[in-house]
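Structural features, examined
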Amino acid sequence: RALRRGRARLVAALRVEPLWDPLEQRGLFTRPMLEELQSAGSRGEQARQLVIDLETRGKQAFPAFLSILQDTGQGDLAEMLIQECESRPAPLQLLDLRPVELELQQGKQHRRVSFLTDIVSCWISQQALGMRGSLTVTCPCQDYEMKANPCGHCLILNNVNFSGDSGLSTREGSDIDCQKLERRFRAFRFTVLSRRDLKAQEMVLELQRLSRQDHSALNCCIVVILSHGCQTSHIQFPGGVYGTDGKPIPIEKIVNYFNGSNCPSLRGKPKLFFIQACGGEQRDQGFVVDCDSPEEEAPGGSLESDATPFQGSSGSVSRDEPDAIASLPTPSDILVSYSTFPGFVSWREKASGSWYVEMLDSVLEQYAHSEDLLDMLVRVARAVSAKGRYKQIPGCFNFLRKKFFFACD
C-alpha cells in the first residue's frame, strides 16, 4: 500500500542509477530483470516500472528497499514511505443503495417493482410478485458496459516463423487462427491490430504501446497471443510465450502491463487475454469415462503441439517455482484464458488451426448473442476436451467482477 500511495513522488524524485547494484546484491532482482528495467525508457519510466515490480518481490522486498534508499542518500523517500505505512487507510464508503425500477413482462401484463442496486445477490419470489411461470430478472449493474463504438482495442500477436538458433519449429496453421479471430472480434466492434513474427522485445513494445494508449472512451481491451509456450516462474499467472528469437515472456508480465497501476484508463474495465500456446511438455492421454467421446486419429501427420521446455539459466529444464513469496491484492477485471492446462501441450492442425481457437471461434459465433463469456469458455473447454486421442483442456484465471457480454449487432 505504501508503494502504491507514494508512487507519484517516487516516480518524480527517485534516482534509479545508484539502486541497480544494491538491488542485485540484496537478491531482490536478477541481472536480466534489472537490464529489462533499465530498458524501460527515461528515468521516470524506469522508476515507475521498478516501483510496480517491487510489489511482486515478496514481503522482505519492502524493508530491503527502504534500507537501499537510506544507503544511496535517498532517505527522504524512505521516510515518506514509512509515513505512508503508518497512515490509516481511507474509510470504506457505504454502498449506494439507489432503487431502480425494473419492468417485468408476462404476456400482455406489465408490472414494475423496486430493485436495490449494489446488492451482491437478491431473490424475487414468484409468490411475492403474484405471478406464475418462469421469471428472469437482470440488473444492469451486474454486467460490464459495452456501449462504445468501437468498444475497445484488440491486439493479436501471431508468431509463426522462428529463428534457426531458437530451436522452435514453424507454427503452421497459426495464420488460420489469426484470421478467424480478426473476423470475430471485428464483428464484436473491436479495433483489431495484428502483428506477425515479432521478437520478444518487439512483442513487449507492442504491448506497452497498447497499454499506454488512452482507453477512456472505450469499454474493454483484448490481447491474443499465438505462439510457442513454456513454463515460467510466476506468482499470479503461470506460463510464458516465446518471441521469434526464442526468448520467453511471462504471461504474468504481459497481464501486468494492463493492470490498474500501469493502465489507469482501463481501471474498472474488462481486460481479456487469450493465450494459444503450450503450458508445458506433458501429453495427456486422458482416462476412461462412462459416456462415449468422439474418436479421432492419434496425433501425427498434420497435428502439432506448441510445447517447448522452459530453459533455466543452467540450460536444464526448469521446474515451475515461485521466485518470491508475496501477498498481493487480487487483480480485478482481468480474465486470462489458456488453451491448455498448465504443464501440458496445446494441439494445432496445419490445415484448420489450433483446437482451442477453432472451438473458441465456433462457440463465440453460436452463443455470444445470448451467453456471457464464462459460460462460453465452459463450452469451449468441453468441446476441446472431447477431441483426439491425446487430450487437451483449456482453462482460465478469472478476476472479472461482473458478467461480460460481447456487443453483438
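Cut-offs applied
- Residues numbered from 1 in each chain as written.
- Predicted model: local features only at pLDDT ≥ 70, side-chain atom pairs only at ≥ 80, totals over all residues.
- Heavy atoms only, no water.
- Pairing = 2+ DSSP bridges.
- Helix = DSSP H or I, 4+ residues; strand = E, 2+ residues; numbered from the N terminus.
- UniProt positions renumbered as here; feature names shortened; annotations may be inferred.
- Polar contact = N/O pair within 3.5 Å; in protein donor to acceptor, adjacent residues only side chain to side chain.
- Buried < 20%, exposed > 50% of the residue type's maximum accessible area, 1.4 Å probe, protein only.
- Disulfide = S-S within 2.5 Å.
- pLDDT = per-residue confidence, 0-100.
- Contact = heavy atoms within 4.5 Å.
- Expected span 1.5 Å × (residues − 1).

Per an unreviewed UniProt entry, the protein chain goes by CASP9 protein and derives from Notiomystis cincta.

Sheet strands associate in pairs through backbone hydrogen bonding, adopting either a parallel or an antiparallel arrangement. Spatially, E6-E7-E8 is the arrangement adopted by the three strands of the open sheet, whose pairing is antiparallel. The two strands at the open ends of the sheet, each matched to only one other strand, are strand E6 (229-230) and strand E8 (248-250).

Looking now at the UniProt feature "active site" (unreviewed entry) in the protein chain. Those places that UniProt annotates as "active site" (unreviewed entry) correspond, in this numbering, to His228 and Cys278. Within the secondary structure layout, His228 lies in the loop between strand E5 (220-226) and E6. Looking at His228, its side chain comes within polar contact range of the main-chain oxygen of Ser169, at 2.8 Å.

Residue Asn149 is joined to Pro150 through a cis peptide bond whose omega torsion reads 0°. With respect to the element layout, Pro150 can be found in the loop between helix H8 (126-129) and strand E3 (152-158). Not every positive phi belongs to a glycine, and Arg189 is a case in point at roughly 70°. Residue position: Arg189 is located in the loop between helix H9 (174-187) and strand E4 (190-196). Of note in this structure, Asp333 is not a glycine but carries a positive phi near 60°. Among the secondary structure elements, Asp333 is positioned in the loop between strand E10 (303-305) and strand E11 (334-338). Looking at Asp333, the relative accessible area reads 1%, which means it is buried.

Below, the discussion takes up the state of the cysteines. Taken as a whole, this structure holds zero disulfides when the rule is applied. Sulfur of Cys151: no disulfide; nearest cysteine sulfur belongs to Cys220 and is 6.4 Å away. For Cys151, a relative accessible area of 0% corresponds to the buried category. Here Cys178 is not disulfide-linked; the sulfur of Cys154 is the nearest cysteine sulfur, at 9.0 Å.

Attention now goes to the side chain of Gln276. By secondary structure assignment, the location of Gln276 is in strand E9 (residues 271-276). For Gln276, the side chain forms a polar contact with the side chain of Ser354, separated by 3.4 Å.

On to the confidence of the model for the protein chain, then. In this model, the protein chain carries a mean pLDDT of 77, and residues with pLDDT of at least 70 account for 70%. Here residues 279-301 is modelled with pLDDT under 50, and outside its nearest four sequence neighbours on either side it reaches 41 contacts, counting other chains as well.

Turning next to the pairing of E3. A large share of E3 lies buried, amounting to seven of its seven residues. Every second residue of E3 is oriented toward a common face, with Gly152, Cys154, Ile156 and Asn158 on one face and His153, Leu155 and Leu157 on the other, all of them buried. The pairing of E3 with E4 spans seven bridges and is parallel. Each bridged residue has a counterpart across the sheet, and for Leu157 the counterpart in E4 is Arg195. Two strands pair when backbone bridges link them, and E3 and E5 are joined in this way by seven bridges, in the parallel orientation. When the sheet's bridge partners are listed, Asn158 is paired in E5 with Leu226.

Once that is clear, we can look at the pairing of E9. The element E9 is largely enclosed, with a buried count of six among its six residues. The alternating pattern of E9 places Lys271, Phe273 and Ile275 and Leu272, Phe274 and Gln276 on opposite faces, both of which are buried. Sheet topology note: the E5/E9 ladder contains six bridges and is parallel. Bridging across to E9, Leu226 finds its partner in Gln276. As paired strands, E9 and E11 are joined by five bridges and run parallel to one another.

For H9, spanning 14 residues, the distance from its first C-alpha to its last is 20 Å, which sits close to the expected 20 Å at 1.5 Å a residue. Restricting attention to buried positions, one finds in H9 the residues Ser174, Asp177, Cys178, Lys180, Leu181, Glu182, Arg184 and Phe185. Arg189 sits one or two positions beyond H9 and adopts a positive phi of about 70°.

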